[in-house]
Amino acid sequence: MKKILTGLQPTGVITLGNYIGAIKQMVKYQDQYDSYLFVADLHAITIPQDKEQLSKNTRDLLALYLACGVDPKKNKIYIQSENEYHTNISWLLECNTYYGELSRMTQFKDKSRKNANFTTGLLTYPVLMAADILAYDVDYVPVGIDQKQHVELARDIAERFNKKYGETFKLPEALISSEGTKIMDLVTPDKKMSKSSESQKGVIRLLDDEKTIRKKIMGATTDSETVIKYDPENKPGISNLINIYISFTGKTIKEVEEEFAQKTYGEFKTKVADVVIEEISQIQKRYNEIINNNELDKILDEGREFTRKIAKKKYEDMKYKMGFRR
Ligand code: TYM
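In what follows, the accompanying structure is described.

What counts and what doesn't
- Residues numbered from 1 in each chain as written.
- Predicted model: local features only at pLDDT ≥ 70, side-chain atom pairs only at ≥ 80, totals over all residues.
- Heavy atoms only, no water.
- Helix = DSSP H or I, 4+ residues; strand = E, 2+ residues; numbered from the N terminus.
- Rg over C-alpha atoms; globule rule 2.2 N^0.38 Å.
- Buried < 20%, exposed > 50% of the residue type's maximum accessible area, 1.4 Å probe, protein only.
- Contact = heavy atoms within 4.5 Å.
- Areas by Shrake-Rupley, 256 points an atom, 1.4 Å probe, with all protein chains shown as cover.
- Lys, Arg positive; Asp, Glu negative; His and termini not counted.
- Charge placed at Lys NZ, Arg CZ, Asp CG, Glu CD.
- Near = heavy atom within 4 Å.
- Polar contact = N/O pair within 3.5 Å; in protein donor to acceptor, adjacent residues only side chain to side chain.
- Nonpolar A, V, L, I, M, F, W, Y, C, P; charged D, E, K, R; others polar.
- Expected span 1.5 Å × (residues − 1).
- Axes fitted to C-alpha atoms, helices over the stretch in contact; angles between N-to-C directions.
- Parallel < 35°, antiparallel > 145°, perpendicular 65-115°, else oblique.
- Left-handed = near helix turned anticlockwise from the far one by under 90°.

The helix and strand inventory of the chain stands at 13 helices and five strands. Taken against the 2.2 N^0.38 rule, which gives 20 Å for 326 residues, the C-alpha radius of gyration of the chain at 20 Å falls within 12% of a compact globule. Taken along the three principal axes of its C-alpha coordinates, the chain extends 75 × 45 × 40 Å. Within the chain, buried positions represent 50% of all 326 residues. Of the contacts made within the chain by residues no fewer than 6 positions apart, 76% connect residues no fewer than 24 positions apart. Here the chain displays about 16,100 Å² of accessible surface, and carbon together with sulfur accounts for 50% of that area. Looking at the chain, you have 51 positive and 48 negative side-chain charges, and the mean spots of the two groups are 3 Å apart.

Turning our eyes to something else, we now look at the site of the ligand. Neighbouring the ligand are 28 residues; Q9, Y125, D132, D146 and I183 lie closest to it. In this structure, an oxygen atom belonging to the ligand sits 2.5 Å away from a side-chain N or O atom of D146. Contributing elements (two or more residues each) for the shell around the ligand: β1 (3-8), α1 (16-29) and α7 (120-134). For the shell around the ligand, a count of residues per class yields twelve nonpolar, eleven polar and five charged.

With 14 residues, helix α10 (residues 236-249) ought to run about 20 Å at 1.5 Å a step, and its terminal C-alpha atoms sit 20 Å apart, in line with that. Within α10, twelve of the 14 residues are buried, leaving the element largely enclosed by the surrounding structure. Residues of α10 that are buried in the fold lie against α1, α9 (210-218), α11 (253-259) and α12 (265-290). Backbone geometry just after α10 places G250 at a positive phi near 75 degrees.

Our next topic: the packing of helix α6 (residues 106-114) against α7. Their axes nearest at 10 Å, the elements α6 and α7 cross at an angle of 165 degrees. When the axes of α6 and α7 are compared, the pair comes out roughly antiparallel. The crossing of α6 and α7 is right-handed. Here Q107, F108, K111 and S112 of α6 come into contact with α7, specifically with L122, L123 and Y125. Of the residues that constitute the contact of α6 with α7, the class distribution is four nonpolar, two polar and one charged.

The analysis is restricted to geometry; functional conclusions fall outside its scope.
Structure (structure tokens):
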């Protein structure tokens with residue numbers, strides 16, 4: 001059975017972009033693939049985090065995974081920092097990765113530009129991500145397009161390691177759904193919808209209440225035309241809403257354009273808000289049941305034990321091949 005794996009950072013309540021780009025895909029494929037889903041808490045500390053908030057966000061995210069329909073019977077669910085082999089593997093990979101490669105990563109360039117006082121963790125972040133993936137011989141990595149470059153780097157590192165030390169890793173591939181490629185900020189649709197966005201108006205969070213979600217969608221930036229047509233270049237706002245709509249309804253772009261051919265932007269936005277609210281309110285209902293339930297701890301304990309065994313084996317194989325022997 002092929003394997004899929006993904007992780008999300010617990011850096012705040014996840015957005016509609018995270019949900020569509022990563023979680024929805026995990027739910028979609030969980031019957032078909034051997035599935036691994038974790039909380040990337042070690043990645044979160046590449047930028048400063050409040051300790052209390054970090055642990056709360058971690059638990060919230062795990063509860064949201066389940067509330068979104070991730071089935072613990074079909075997925076290994078775990079916390080990255082509870083499996084020390086990820087960081088052990090990461091170091092061995094770091095010594096097979098070039099500074100030039102890491103400094104060329106788009107995300108590193110963006111983030112380091114915003115804050116000149118960045119940590120080396122921000123630079124080596126993609127190597128830890130490569131370790132997360134390569135430890136399990138994963139076939140596919142469901143992510144949004146912003147993470148594609150990192151998955152490709154993981155593949156390059158794996159290929160290099162295999163050549164140098166002998167066949168060790170499977171080469172992973174990013175799995176990107178066409179509609180979930182990149183959900184944009186509702187107010188500034190030329191920017192990605194992001195957890196860390198300063199303005200809250202353009203970002204829908206999975207725990208926003210119904211009224212807030214509706215207000216944000218109704219207030220989305222559009223254009224001065226009246227046509228509901230998919231054209232990301234000239235109509236980024238409307239195209240973004242179409243992307244959101246199709247990921248919630250399973251319709252095609254053509255079907256959506258036909259459905260709203262004679263409708264106003266207001267009518268279209270109302271419909272987008274309806275489908276988003278319907279699905280998110282179900283998620284929130286389940287989230288509230290799960291968050292105080294100690295079943296979550298049992299799932300995490302099992303996930304930790306299972307994944308530690310696999311990652312340990314990979315780490316030992318790497319060490320042996322690299323010459324760490326008595
Ligand atoms: P993170 O926490 O930034 O984002 C989690 C997932 O959400 C996707 N995403 C989006 N997709 C569509 N539209 C958007 N606006 C949008 N914003 C975010 C991201 O592409 C991602 O799939 N480095 C990763 C976490 C990670 C990881 C891994 C992922 C650590 N190790 C191993 C896969 C495999 C990250 O920071 O994701």
